[in-house]
Amino acid sequence: MQVPLWEHDTILSVERLTMRFGGLIAINELSFKAARGHITAVIGPNGAGKTTVFNCITGFYKPTEGRLVLYHGKPGSDLLTPLTDGATPDISDQQGRVFLLERLPDYLVAQKARVARTFQNIRLFSGMTVLENLLVAQHNHLMRASGWTLKGILGLKSYRQAEAAAIAKARQWLERIHLTARADDAAGALPYGDQRRLEIARAMCSDPQLLCLDEPAAGLNPKESGELNALLRGIRAEGLTSILLIEHDMSVVMEISDHVVVLDYGTKISDGTPDFVRNDPKVIAAYLGAEDEGEVKAIEAEVGV
């Protein structure tokens, strides 16, 4: 019997994911799918397990149970890559299209499965220039092009071409995030909102299939949130990278997300479109903490129900 794993409209399938820390169940049999070319948001109160889910997807944690399947491809692809029942590929299928993330060390999740991530606390190289931060994201590609330094030392044409292409890609992203004029400034000297966008641009320079963003709007003012929304919509419109994000700012979630998954104490309580989720009584009662009718109405007004 064969179990078809490939689904042309799915980039990530989370199947009965469970994560235990001793006697604490941080994630309890979580299942959801993220559609290719879409923005999927994972929301919930503090302690709901959102970051733990990200840590499992990106290889920082190995889940106690469950499976995390990443499918490479393009939107609308009709490719089918079946996996024989019981098969356990260490990295991917023979064609490199199906990756079992829970079996990969974290560096292969980024390198082979092409999953990039940002963190809630900005982790730029603050002493390096803005341009250098974008070149660092292309380090693996440049090292391969250099023949692991020899071709770079000799200045061979193939390496010079790869280096020029890396700089060109970095400058394209500087233009997209409106930081070309500050290319040679230290990244740590940028305003907070610019640092947020630079971190996303750095992740995108690695050409990810899946971009995981941990609270990208945290600490942003309304103008900066609008710039972030425009950037993420632009990435989505290109259709080459799918986005999975954790976010507390409901205005951002409701404005840009195609699909929302809601967690409460590690358990999924709602899963659907933004309109469905914000009208779901379980979300209003559990996630948003409403205990009476007055609180429900106040929350509805805040999220625009």
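First, a word on what this report is: a plain description of the structure on this page. On a predicted model such as this, the values are computed, not experimentally measured, just so you know.

Some remarks on helix α1 (residues 50-57)
Logical step 1: Counting buried positions along α1 yields 7 of 8 residues, so the element is predominantly enclosed.
Logical step 2: If you check which residues of α1 are buried, you get Lys 50, Thr 52, Val 53, Phe 54, Asn 55, Cys 56 and Ile 57.
Logical step 3: Gly 59 sits one or two residues past α1 and shows a positive phi near 90°.

Here's the deal with the pairing of strand β9 (residues 210-214)
When a strand is regular, its side chains alternate between the sheet's two faces.
Logical step 1: Burial analysis of β9 places 5 of its 5 residues in the buried class, which makes it a mostly covered element.
Logical step 2: Here β9 shows no split at all, with Leu 210, Cys 212 and Asp 214 on one side and Leu 211 and Leu 213 on the other all buried.
Logical step 3: Pairing analysis gives 3 bridges linking strand β8 (residues 115-117) to β9, with the strands arranged parallel. Directly across from Ala 116, in β9, lies its bridge partner Leu 211.
Logical step 4: As a crossover connection, the stretch from β9 through helix α8 (residues 222-238) into strand β10 (residues 242-246) is right-handed.

Description of the sheet that holds strand β3 (residues 24-35)
Logical step 1: With antiparallel pairing, 4 strands are arranged side by side in an open sheet as β3-β2-β5-β7. Edge positions in the sheet fall to β3 and β7 (98-100), since each of these pairs with one other strand and no more. Taken pair by pair, the neighbouring strands of this sheet meet at an average axis angle of 15°, ignoring direction.
Logical step 2: In this sheet, β3 lies alongside strand β2 (residues 10-21) in antiparallel orientation, the contact comprising 8 bridges. Along β3, the bridge assignment pairs Val 14 with Phe 32.

Overview of α8
Logical step 1: Spanning 17 residues, α8 covers 25 Å between terminal C-alpha atoms, matching the ideal 24 Å at 1.5 Å per step.
Logical step 2: Restricting attention to buried positions, one finds in α8 the residues Glu 224, Ser 225, Leu 228, Asn 229, Leu 231, Leu 232 and Ile 235. One side of α8 carries all its buried residues, which in axial view fall inside an arc of 165°. Among the exposed residues of α8, those pointing more than 90 degrees away from its buried face are Pro 222, Lys 223 and Ala 237.
Logical step 3: Taken together, the buried residues of α8 touch β4 (39-43), α6 (157-176), α7 (192-204), β9, β10 and α9 (250-256).
Logical step 4: At the N-terminal end of α8, a side-chain oxygen is found 3.1 Å from the backbone nitrogen of Lys 223, two or three residues along, and the residue is Asn 221.
Logical step 5: Gly 239 lies just past α8 and shows a positive phi near 75°.

Considering the sheet that holds strand β11 (residues 259-264)
Logical step 1: The 6 strands lie next to each other as β8-β9-β10-β4-β11-β12, forming an open sheet whose pairing is mixed. Two strands close off the open sheet at either side, each with one partner strand: β8 and β12 (267-272). Recorded for the sheet is a direction-independent mean angle of 15° between the axes of neighbouring strands.
Logical step 2: Examined bridge by bridge, β4 and β10 share 4 bridges and lie parallel to one another. The residue of β10 that forms the bridge with Val 42 is Ile 246.
Logical step 3: Packed onto the sheet, α7 meets β8 and β9 and runs at close to 155° relative to β9.
Logical step 4: Its contacts with the sheet place α8 against β4, β9 and β10, and it is angled at close to 145° to β10.

So, how was this worked out
Residues numbered from 1 in each chain as written. Predicted model: local features only at pLDDT ≥ 70, side-chain atom pairs only at ≥ 80, totals over all residues. Heavy atoms only, no water. Buried < 20%, exposed > 50% of the residue type's maximum accessible area, 1.4 Å probe, protein only. Helix = DSSP H or I, 4+ residues; strand = E, 2+ residues; numbered from the N terminus. Pairing = 2+ DSSP bridges. Right-handed = clockwise from strand over helix to strand, strands pointing away. Axes fitted to C-alpha atoms, helices over the stretch in contact; angles between N-to-C directions. Expected span 1.5 Å × (residues − 1). Arc of directions from axis to C-beta. Contact = heavy atoms within 4.5 Å. Polar contact = N/O pair within 3.5 Å; in protein donor to acceptor, adjacent residues only side chain to side chain.

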